[in-house]
Amino acid sequence: MSTDKAQSWVYCEEFLDEDDVLLRARERASHLGCTPVLPGAGAALRVLAAAAQARAVVEVGTGAGVGSLYLLRGMPADGVLTTIDLELEHQRAAKEAFAEEGVRSTRTRAISGRALDVLPRLTDGGYDMVVIDADVENYPGYVEQAVRLLRPGGVLAVDDALWHDRVADPARRDEATTTVRDVGRHVRADDRLLPALLPTGEGLLVAVRR
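Cut-offs used in this document
- Residues numbered from 1 in each chain as written.
- Predicted model: local features only at pLDDT ≥ 70, side-chain atom pairs only at ≥ 80, totals over all residues.
- Heavy atoms only, no water.
- Phe/Tyr/Trp six-rings, centres within 6.5 Å; stacked < 30°, edge-to-face > 60°.
- Buried < 20%, exposed > 50% of the residue type's maximum accessible area, 1.4 Å probe, protein only.
- Helix = DSSP H or I, 4+ residues; strand = E, 2+ residues; numbered from the N terminus.
- Core = buried A, V, L, I, M, F, W, Y, C linked by side-chain atoms within 4.5 Å.
- Salt bridge = Lys/Arg side-chain N within 4 Å of Asp/Glu carboxyl O.
- 1 Å grid on protein atoms, 1.4 Å probe; cavity = no way out; pocket = protein on both sides within 12 Å on 5 of 7 lines; lining within 4 Å.
- Points joined across faces, edges and corners; volume = space filled by probe spheres on them.
- Nonpolar A, V, L, I, M, F, W, Y, C, P; charged D, E, K, R; others polar.
- Pairing = 2+ DSSP bridges.
- Axes fitted to C-alpha atoms, helices over the stretch in contact; angles between N-to-C directions.

Caption draft 1: Layout of the packing of aromatic side chains. Considering all chains together, one arrives at two aromatic pairs under this definition. Where Tyr11 meets Phe15, the ring centres are 6.3 Å apart and the plane angle is 55°; that geometry is what we call tilted. Comparing Tyr11 with Phe15 shows no difference in burial state: the two are exposed. Taking the centre distance of 6.5 Å and the plane angle of 55° together, the rings of Tyr139 and Tyr142 count as tilted. Linking Tyr139 with Tyr142, this pair stays in helix 7 (residues 139-149), spanning three residues, or about one helical turn. For the pair shown, Tyr139 and Tyr142 are each scored as buried.

Structure (structure tokens):
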């Protein structure tokens, strides 16, 4: 295998420049201690949302709105993003980013609370795309709910799927790495899903609901 993989990864991450709105959202994320999607993963989410013509999207983990902006830019103009975060401070920062972007208030629905409490209240098969980018210890529950929420042909995307490059190393057995690794195996084995693991950002696990 080529020894230039790291250089190629950096090239891919920098392939598209981020504008001032995204850069300011990243700065807010840094101040809040959030870890937003990296540019390559954000670009992939935008493409997936556009390809799916995703008009109804659920995002688990609003953060400061970096991933949300990428999703909104890929969604049709009448698409609605439902974004969930436990921290009100995060959602205030995201709303600031949405205002800078000029996003109409009717295009976002911000819900504050534990995602595992919120997700069961959402409609079965009512969503075109579900994006998970939150606390990895709850990834199994989030993925279970996401499969229920997706319509046939809907897209699942799970960020941090390589978890700081630890998932690929079988010697790494810490709880977070094991959880993320097990989620990947579960998605791969689920007959309801058609999966792929993309080595962009911190790893993006994607799947289509059959």
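Caption draft 2: Local environment of the nonpolar core. Residues Val58, Leu119, Ile132, Val143, Leu156 and Val187 are the most contacted members of the largest nonpolar core, which totals 31 residues. Looking at this core, the elements that each hand over two or more residues are strand 1 (56-60), helix 6 (115-118), strand 4 (127-132), helix 7, strand 5 (150-159), helix 8 (175-189) and strand 7 (204-209). At six residues, the largest contribution of residues to this core is made by helix 7. Core analysis: the next-biggest nonpolar cluster, separate from the first, contains 28 residues, Ala25, Val66, Leu81 and Leu204 among them.

Caption draft 3: Quick peek at the pattern of salt bridges. Going through the model one piece at a time under the given rule, you end up with 13 salt bridges. Note that Arg28 is salt-bridged to Glu96, the shortest N-O span being 3.5 Å. Of this pair, Arg28 sits in helix 2 (residues 20-32) while Glu96 is found in helix 5 (residues 88-101), placing the two residues 68 residues apart along the sequence. Residue classification places Arg28 among the buried residues on the basis of a relative accessible area of 12%. For Glu96, a relative accessible area of 42% gives the class partly exposed. The salt bridge involving Asp169 is made with Arg172; its shortest N-O contact spans 3.9 Å. Overall, Asp169 belongs to the partly exposed group, its relative accessible area being 30%. One network of salt bridges, in which partners are shared, links Arg24, Arg28, Glu96 and Glu100.

Caption draft 4: Fine view of the layout of surface pockets. One number sums up the size of the largest pocket: a volume of about 600 Å³. Elements with a contribution of two residues or more to the lining of the largest pocket: strand 1, helix 4 (66-74), strand 2 (80-85) and helix 6. Split into classes, the residues belonging to the lining of the largest pocket amount to 17 nonpolar, 11 polar and seven charged. Lining the second largest pocket are 16 residues, with Arg181, Gly184, Arg185, Arg188 and Leu197 positioned closest to its centre. Of all elements in the fold, only helix 8 and strand 6 (193-198) reach the threshold of two or more residues within the lining of the second largest pocket.

Caption draft 5: Representation of the sheet that holds strand 5 in the model. What the seven strands build is an open sheet, ordered 3-2-1-4-5-7-6; its pairing is mixed. Only two strands of the sheet have a single partner each, and these edge strands are strand 3 (108-112) and strand 6. Looking at each pair of strands side by side, their axes are set apart by 15° on average, direction ignored. The sheet contact formed by strand 5 and strand 7 spans five bridges and is antiparallel.

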